[in-house]
2 protein chains.
Amino acid sequence: MKTETNERRLNRENTADKIREAIGAEQIQLASELFLELHLGDQVGVFNLLDEDERGRLLSQLDISATAHLFSHQDDSETLDAAENLSIERLADVLDEMQPDEAADLLGDLPPKQAFEVLEQMEDTEDVLPLLKYADETAGGRMTTAFISMRQETTSEEAINLLREVSPGDEAPYYLFVTEADMKLAGVVQLRELVVAGRDTKMGEIMDAEVIAIAADADQEDVARVMKRYDLSALPVVDDDNHLVGVITHDDILDVLTEEATEDIYRLANVADAQLEPASAVGEHLKGRLPWLYLNTLTALFASWVISHFEGLISQIAVLAVFQSIVAGQGGNAASQNVALVVRGLALGNIPRGGVRKILVRQAIVGLVQGIAIGVVVGIGVALWRENAALGIVLGLALVANMVMAGIIGTLIPLGLKALGQDPALASSVLVTAVTDSFGFFIFLSLATIFMKNLM
Amino acid sequence: MKTETNERRLNRENTADKIREAIGAEQIQLASELFLELHLGDQVGVFNLLDEDERGRLLSQLDISATAHLFSHQDDSETLDAAENLSIERLADVLDEMQPDEAADLLGDLPPKQAFEVLEQMEDTEDVLPLLKYADETAGGRMTTAFISMRQETTSEEAINLLREVSPGDEAPYYLFVTEADMKLAGVVQLRELVVAGRDTKMGEIMDAEVIAIAADADQEDVARVMKRYDLSALPVVDDDNHLVGVITHDDILDVLTEEATEDIYRLANVADAQLEPASAVGEHLKGRLPWLYLNTLTALFASWVISHFEGLISQIAVLAVFQSIVAGQGGNAASQNVALVVRGLALGNIPRGGVRKILVRQAIVGLVQGIAIGVVVGIGVALWRENAALGIVLGLALVANMVMAGIIGTLIPLGLKALGQDPALASSVLVTAVTDSFGFFIFLSLATIFMKNLM
């Protein structure tokens, strides 16, 4: 009995240290023994604590099935790194041992030439090949072809015997699917129904014909949404003619939810590569981050161009330069609140189609109230600090205007991107900041021009 | 057979329209019939499409079990709104019908006085009361007490008979837990093992004694991590003496992952209330968002105070006001990339304890390279635009310096908050922006002071 505590975590770090030591002393055999003594679920964690060289040494000593387990449970990018260092023959053996869906994922990530060579060496490609045609992030790309299907006439006893024969692996079936002769999906039987049914009960009698299925080309986000909505632990995948082609299990959905959340969090912060980690190589960071910084720079230069029209004014009233950034910045902060709310609302399916106008009006009001709340405090504070009432008034008014703009644009841009079929998380931040920055500087400096005499 | 497509989504919206119409025509009976014809999983979606008044009217007509299902599957905040409008007696009946863990969640959210009144009216509080002592976001708060446990001597046939008797509800057991006489956890039997075992096989023979469990006071994020790590569809929860007190099932974990991701996405964007939606009431928006905007305003005023020391310089060289925001802004953008990477890395457990220094050095290098990449382009561009080489050089150098600062501070602050036991997602954005803004303005205007003669 093990309770996940800091102790367990420390244990993993201790074992990693011991393995590292053993490898350092060239005792690779000992290292692999220490590794194999770990619970399967801990092996991944410990492996990740090793550096690339140590991982390679350890892998050279592990048997095929331990390697297959490791590859199935690691992050894609780390599996890929490790796989590329194995020989073609060894990698083929490992892939033969993996679940078809995991094997297909890895094959799809390999360089095509290596993938073909490995496929040629594999013993059993029958289950894997049909999966390769589906894109990674679709239902087809996530499903496994190793599912159990029965006919309506199958009795409970026959079904149990069949289960005994196949002795399913990690991806245990909690449902059995019932199909017609041509593999058209007819219904679903829950494993617990099978357990309590009489021996002669036919599947057709206990199956639920109202089975929820998903199309093979559906996006993985839709898969997660459906499984969550209907509380399913497995979801059948069908082709255009309603033939059962695969099954998605609950553990895949945990991965999907985690990946999608990472993608959204990264994209909202202008990081385009969802595989990036703080410790990734410098080159990978540059690839995933620099292009978006350049894009942001362009919009910042546009804002500078806006300011440049007021240079004469600023040289007369330099204090404007001290406070202009507050207007732009607070508009940006308010707008990024809106973007986060809308992007998350869209991801969770919380935004009804007919509700856009209502949301837009509400967010404009929120912007107005937040603008007044911030504008009054900042306006009075700055008026007192600089002993300049006009400055406080101009600053306060500009804040109100830019916060209303933030409420509208921060809602409209992600919704618009979604309507255009784009990912709202990806470009919203850049576009929204471009507007709140430029408009913020423009409105503040324009108001200052109007009240110029009072400001000096 | 139903495939989740746009069609299905449209169907929900159409039914919602029909129900709305029926309610408008005072045909509440018809409305409730239309509602009950829906698949259980669709009822929540349709209910959410109605407005508050319509929801109340519909609820008044729904039977206890339909209401219980709805409450179990809705978001917490929406369930709470609906529950507060029910009579105490009716709410007690609904809670009696709900799973104990869902009922306890709702009771915990109610105003204490109402909760006590409802508890008094409930028929069966035995399963619910022990759950109320656990905080919402812990293993204890997430677990259900409606699990099945057996003894080591129980035979497969007896176990199946027991399963038949209890006919488990929505939260089906895929595992059966084996306990000692005093409820100490001894092992776990998978349902599929039970299916294929002989009738006389004892649970003690087929159970896995290496069962992973979690402490009742563990954080729900740890629960999700453990279930993901070990691919579990149910996780037993134990007290300090290893007594089995509850079970967490896979559908709870989908909720946990979704909630935690929402919380992180919101907090990174300065939204403190994870229940907030774009359509929430204005007052709720202000409560969850305005305090953080005020905090941001304070840091922005600090940055203004920094700039104010250079007012004399700006009045002589107004062009500085045109470009100062680029330095601050791009530093902020780069730092928010780092914050997102570190916050997500911490949430996913991807940052090993010993790896902090390595990550810090790497991110400083990334900052340096990104700074040079942006600094050179912007420097040359602005030098040509303004025909002022010194301006380009000052701007480029300031960008490099602030981007290095962004790399260091954007990594250090979330890691530091975590080390202090704080949520790194919550305050990182504000603190990091405070630094990149103030330092950005300071370094740019200081360099400008040094090169003042060349700039004029």
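Each chain has its residues counted from 1, following the order in which its sequence is written. Labels are handed out in written order, letters beginning with A for the chains and numbers beginning with 1 for the ligands. It should be noted that, the model being predicted, local features are given only for residues of pLDDT at least 70 and side-chain atom pairs only at 80 or more, the latter also being counted only at that level, while totals for whole chains, interfaces and linings use all residues.

**Q** Requested: an account of the overall build of chain A, with residues and values cited.
**A** If you tally the helices and strands in chain A, you get 23 helices and seven strands. On C-alpha atoms alone, chain A measures out to a radius of gyration of 29 Å, which is more than a quarter above the 23 Å that the 2.2 N^0.38 rule sets for 456 residues. Over its C-alpha atoms, taken along the principal directions, chain A stretches across nearly 90 × 60 × 45 Å. Placing a C-beta atom from the backbone of each residue, one calls two residues in contact when those atoms lie within 7 Å. A fraction of 69% describes how many contacts in chain A between residues 6 or more apart in sequence connect residues 24 or more apart. A run of H or I in DSSP becomes a helix once it reaches four residues, and a run of E becomes a strand once it reaches two; helices and strands are each numbered from the N terminus. All radius of gyration figures rest on C-alpha atoms, and the globule criterion is 2.2 Å times the number of residues raised to 0.38.

**Q** Explain the interface of chain B and chain A to me, and be specific about the residues and the numbers.
**A** With 112 residues of chain B at the contact, the number on the chain A side is 112 residues. Top contributing element to the side of chain B that touches chain A by residue count: helix α18 (residues 319-347) of chain B, with 19 residues. By residue class, the composition of the side of chain B that touches chain A is 64 nonpolar, 29 polar and 19 charged. Side-chain classes are defined by residue name, with Ala, Val, Leu, Ile, Met, Phe, Trp, Tyr, Cys and Pro counting as nonpolar, Asp, Glu, Lys and Arg as charged, and the others, Gly among them, as polar.

**Q** Just give me the short version of the pairing of strand β5 (residues 212-215) of chain A, but keep the residues and values in it.
**A** Residue and element names in this part refer to chain A. What you see with β5 is no split at all: I212 and I214 on one side and A213 and A215 on the other are buried throughout. As paired strands, β5 and strand β6 (residues 234-238) are joined by two bridges and run parallel to one another. Its bridge partner lying in β6, A215 is registered against V238. At this point the chain moves from β5, through helix α15 (residues 220-229), to the parallel β6, and the crossover so formed is right-handed. The exposure label follows from counting other C-beta atoms within 10 Å of a residue's C-beta, where the C-beta atoms are placed from the backbone and the thresholds are 20 or more for buried and 12 or fewer for exposed, leaving partly exposed in between. Whether two strands pair depends on DSSP finding at least two bridges between them. The crossover handedness rule: strands pointing away from the viewer, path from first strand over the helix to second strand clockwise, crossover right-handed.

**Q** Quick one: what's the story with the relation of the copies chain B and chain A, residue by residue and with numbers?
**A** For the least-squares superposition of copies, only C-alpha atoms count, and only for residues with pLDDT at least 70 in both. At an RMSD of 0.1 Å, chain B and chain A line up after a rotation of 180° and a shift of 0.0 Å along the axis. Classification of the inter-copy transformation places it as that of a two-fold axis. The C-alpha atom lying nearest the rotation axis in chain B is that of B:S315; the distance is 2.2 Å. Of the interface residues in chain B, 100% have counterparts in chain A that sit at the interface too, so the contact is made through matching surfaces.

**Q** I'd like a rundown of the domain arrangement of chain A, residues and numbers included.
**A** For the domain bounds, the source is a domain assignment made automatically or taken from a database. Domain boundaries in chain A define domain 1 (6-141), domain 2 (149-258) and domain 3 (282-455). Here the C-alpha centroids of domain 2 of chain A and domain 3 of chain A sit 50 Å apart.

**Q** Describe the sheet that holds strand β2 (residues 149-150) of chain B, listing the residues and the values that go with them.
**A** All names here are of chain B. With mixed pairing, the three strands of this open sheet are ordered in space as β2-β3-β4. Two strands in the sheet have a free side with no partner beyond their single neighbour: β2 and β4 (185-190). Summarising the sheet, β2 and strand β3 (residues 175-179) pair through two bridges and their orientation is parallel. Within β3, the residue paired with M150 across the bridge is V178.

**Q** Tell me about the nonpolar core, and name the residues and values.
**A** For the purposes of this analysis, a nonpolar core is taken to be any set of buried Ala, Val, Leu, Ile, Met, Phe, Trp, Tyr and Cys residues that are connected through C-beta atoms within 7 Å. Core analysis: the biggest nonpolar cluster contains 281 residues, and A:V223, A:L235, A:V237, B:V223, B:L235 and B:V237 have the highest contact counts within it. In terms of residue count, helix α19 (residues 319-347) of chain A provides more of this core than any other element does, 17 residues in total. Contacts of B:V237, omitting those with residues within four sequence positions, involve B:A139, B:G140, B:M143, B:A213, B:I214, B:A216, B:V245, B:G246, B:V247 and B:I248.

**Q** An account of the pairing of β4(B) is needed here, citing residue identities and associated values.
**A** Within β4(B), five of the six residues are buried, which leaves it mostly tucked inside the rest of the structure. Adjacent in sequence and paired antiparallel, β3(B) and β4(B) are bridged by five residues, among which B:M183 carries a positive phi angle near 70°.

**Q** Got a sec to walk through the packing of helix α14 (residues 220-229) of chain B against helix α15 (residues 250-268) of chain B? Specific residues and values, please.
**A** All names here are of chain B. Note on method: axes are straight lines fitted to C-alpha atoms, helices fitted across the in-contact stretch only, with angles between N-to-C directions ranging 0 to 180 degrees. In the contact formed by α14 and α15, the axes pass within 10 Å of each other and the chain directions differ by 120°. As summarised for this structure, α14 and α15 are arranged oblique, according to the angle between their axes. Crossing of α14 over α15 shows left-handed handedness. Residues Q220, E221, V223, A224 and M227 of α14 touch α15, and the partners they reach there are I253, V256, L257 and E260. Broken down by class, the residue content of the contact of α14 with α15 amounts to six nonpolar, one polar and two charged. Should an angle fall under 35 degrees it is called roughly parallel, over 145 degrees roughly antiparallel, and 65 to 115 degrees roughly perpendicular, with every other angle called oblique. Handedness of a crossing is defined here by the sense of rotation of the near helix relative to the far one, left-handed for an anticlockwise turn of less than a right angle and right-handed for a clockwise turn.

**Q** Which residues make up the environment of B:L162, and what are the values?
**A** Inspection of the secondary structure puts B:L162 in helix α11 (residues 156-166). Separated by 14 residues in sequence, B:L162 and B:I148 have C-alpha atoms that sit 8.9 Å apart.

**Q** Tell me about the sheet that holds strand β3 (residues 175-179) of chain A, and please be specific about residues and values.
**A** The mixed open sheet is built from three strands, whose spatial order is β2-β3-β4 (chain A). The sheet is open, and its two borders are formed by β2 (149-150) and β4 (185-190) of chain A, each paired with just one other strand.

**Q** Explain the environment of A:T436 to me, and be specific about the residues and the numbers.
**A** The residue A:T436 is located in helix α22 (residues 424-450) in this model. Apart from residues lying up to four places away in sequence, A:T436 is in contact with A:A328, A:G331, A:G332, A:A335, A:N402, A:M405, A:A406 and A:I409.

**Q** An account of α14(B) is requested, with residue identities and associated values reported.
**A** Summarising burial for α14(B): seven of the 10 residues are buried, a large majority. Turning to α14(B), its buried residues are B:Q220, B:V223, B:A224, B:R225, B:V226, B:M227 and B:K228. On its buried face, α14(B) is in contact with α16 (250-268) of chain A together with α10 (139-142), β5 (212-215), β6 (234-238), β7 (244-249) and α15 of chain B. Where α14(B) terminates, the next one or two residues include B:D231, which has phi positive at roughly 55°.

**Q** I'd love a proper account of the confidence of the model for chain A, names of residues and values included.
**A** Here pLDDT means the predictor's own confidence in every residue, given as a number from 0 to 100. Per-residue confidence for chain A averages 88 on the pLDDT scale, and 96% of its residues sit at or above 70. The secondary-structure element of chain A with the lowest mean pLDDT is strand β1 (residues 2-3) of chain A, recorded at 50, while helix α21 (residues 389-419) of chain A shows the highest, at 96.

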